[in-house]
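Examination of the molecular architecture
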Amino acid sequence: MIEGFRHLPGHLDRPAQEALLAAIRAVLAEAPLFVPTMPRSGRPFSVQMSNCGPLGWVSDKARGYRYEACHPVTGQPWPAMPEMVTALWWALAGYGAPPEACLINYYAPGARLGSHRDEDEADMAAPLLSISLGDEAVFHIGGRKRSDAKTRLTLASGDIAILAGPARLAYHGIDRIRPGTSDLIAEGGRFNLTLRRVTQPAPCDPQAG
Ligand code: MD3
Ligand code: FE
């Protein structure tokens, strides 16, 4: 397993998972799930997405992967990040600047996310924090090269993963979800939240402190 990957199984108990799910549903009422498409091919993702926070990750055929301040369908700014989400970042990320994007992925049964690296962020030194809710996912993580050996593990409801250092640059993906393995989400499926720093934080001004 690559250095810098931390898995905290069951970090959120059931009441915390329910509270977080309610907060995510409130975000989705303002910023509905959309279907991103691949650059160039225009092929749709099987994962549906939305975001909260000042920036959101989007992708389409014409303009590719990028962060934007507004929802691609509604044109509205992304809703604020729920406080519970930012609190987890301050407690666990070990980074001195706040997250700027919280990407919400929804996997219906049959959805998957092919092996990729997250490299659309200017600040690649910041860690990335992932929270899983609902059905279990079969997750894989390899190394910096696509050909590096992969480790597979289950991400279950309430699990948190923190990617820092070398793991931040590793190939990873979701092979499949296991339908019916959680009753948290009434309609089934899985939500994953990833908290991300996007821009480089301004250096501290020594005279300001
Ligand atoms: C390892 N999401 O949104 S979360 C993504 O479960 C993404 O929805 C998956 O990959 C999901 O980009 C996996 C765990 C994760 C997130 C980012 C990583 C693992 C990572 C970045 C680098 C290495
Ligand atoms: Fe990723």
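This structure is a prediction, so every number in the text was calculated from the model and none was measured.

Thresholds, definitions, all that
Residues numbered from 1 in each chain as written. Chains lettered and ligands numbered in written order. Predicted model: local features only at pLDDT ≥ 70, side-chain atom pairs only at ≥ 80, totals over all residues. Heavy atoms only, no water. Pairing = 2+ DSSP bridges. Helix = DSSP H or I, 4+ residues; strand = E, 2+ residues; numbered from the N terminus. Axes fitted to C-alpha atoms, helices over the stretch in contact; angles between N-to-C directions. Near = heavy atom within 4 Å. Polar contact = N/O pair within 3.5 Å; in protein donor to acceptor, adjacent residues only side chain to side chain. Areas by Shrake-Rupley, 256 points an atom, 1.4 Å probe, with all protein chains shown as cover. Nonpolar A, V, L, I, M, F, W, Y, C, P; charged D, E, K, R; others polar. Donors = N, O, S within 2.8 Å, 3.2 Å for Na, K, Ca; no water. Core = buried A, V, L, I, M, F, W, Y, C linked by side-chain atoms within 4.5 Å. Buried < 20%, exposed > 50% of the residue type's maximum accessible area, 1.4 Å probe, protein only. Contact = heavy atoms within 4.5 Å. Arc of directions from axis to C-beta.

Another aspect to go through is the sheet that holds strand β11 (residues 172–178). Pairing is antiparallel across the open sheet formed by four strands, whose spatial order is β6-β11-β8-β9. Taken across any chain shown, the strands that pair with only one partner, and hence form the sheet edges, are β6 (113–116) and β9 (151–155). On average, each strand axis in the sheet is inclined to that of its neighbour by 25°, with strand direction left out of account. Looking at chain direction, strand β8 (residues 136–141) and β11 are connected through six bridges and run antiparallel. If you follow Val 138 over to β11, its bridge partner there is Arg 176.

Right, let's talk about the site of ligand 1 for a bit. Around ligand 1 lies a shell of 20 residues, among which Asn 105, Tyr 107, Ala 167, His 172 and Arg 190 are the nearest. Within the side chain of Asn 105, an N or O atom sits 3.0 Å from an oxygen atom of ligand 1. Within the side chain of Arg 190, a nitrogen or oxygen atom sits 2.9 Å from an oxygen atom of ligand 1. Isolated, ligand 1 exposes 500 Å² of accessible area, and the fraction of that covered by the protein chains is 98%. Looking at the shell around ligand 1, the elements that each hand over two or more residues are β5 (101–107), β6, β7 (128–134), β8, β11 and β12 (190–196). No other element matches β12, which puts four residues into the shell around ligand 1. Here the shell around ligand 1 is built from residues that sort into 10 nonpolar, six polar and four charged.

Turning next to the coordination of the iron ion (ligand 2). Ligation of the iron ion (ligand 2) by protein atoms is provided by His 116 (NE2), Asp 118 (OD) and His 172 (NE2), these donors lying 2.0 to 2.2 Å from the ion. Written as a sequence motif, the donor residues of the iron ion (ligand 2) are H-x1-D-x53-H. In this pair, His 116 is assigned in strand β6 and His 172 in strand β11, connecting sequence segments 56 residues apart.

Turning to the nonpolar core, a few remarks are in order. Of all hydrophobic cores here, the largest spans 29 residues; its most connected members are Phe 5, Met 49, Tyr 107, Phe 139, Ile 141 and Leu 163. Going through the elements one at a time, β3 (56–58), β5, β8, β9, β10 (160–163) and β11 are the ones with two or more residues in this core. The residues touching Ile 141, leaving out its near neighbours within four places in the chain, are Met 1, Ile 2, Phe 5, Ala 149, Lys 150, Thr 151, Leu 163, Ala 167, Ala 170, Tyr 171 and His 172. Ranked by size, the runner-up nonpolar core spans 28 residues in total, among them Val 27, Leu 28, Leu 129 and Ile 131.

All of the buried residues in helix α2 (residues 83–92) are Val 85, Leu 88, Trp 89 and Leu 92. One side of α2 holds all its buried residues, which, seen down the axis, span an arc of 100°. Counted as exposed and oriented over 90 degrees from the buried face of α2: Glu 83 and Ala 91. Buried residues along α2 sit against β1 (5–8), α1 (14–30), β5, β7, β10 and β12. Following α2 by one or two positions, Gly 94 has its phi on the positive side, about 65°.

Let us look at unusual backbone geometry. In this structure, Arg 40 is a non-glycine residue whose phi angle is positive, near 70°. Here Arg 40 lies in the loop between α1 and β2 (48–52). Given a relative accessible area of 72%, Arg 40 falls into the exposed group.

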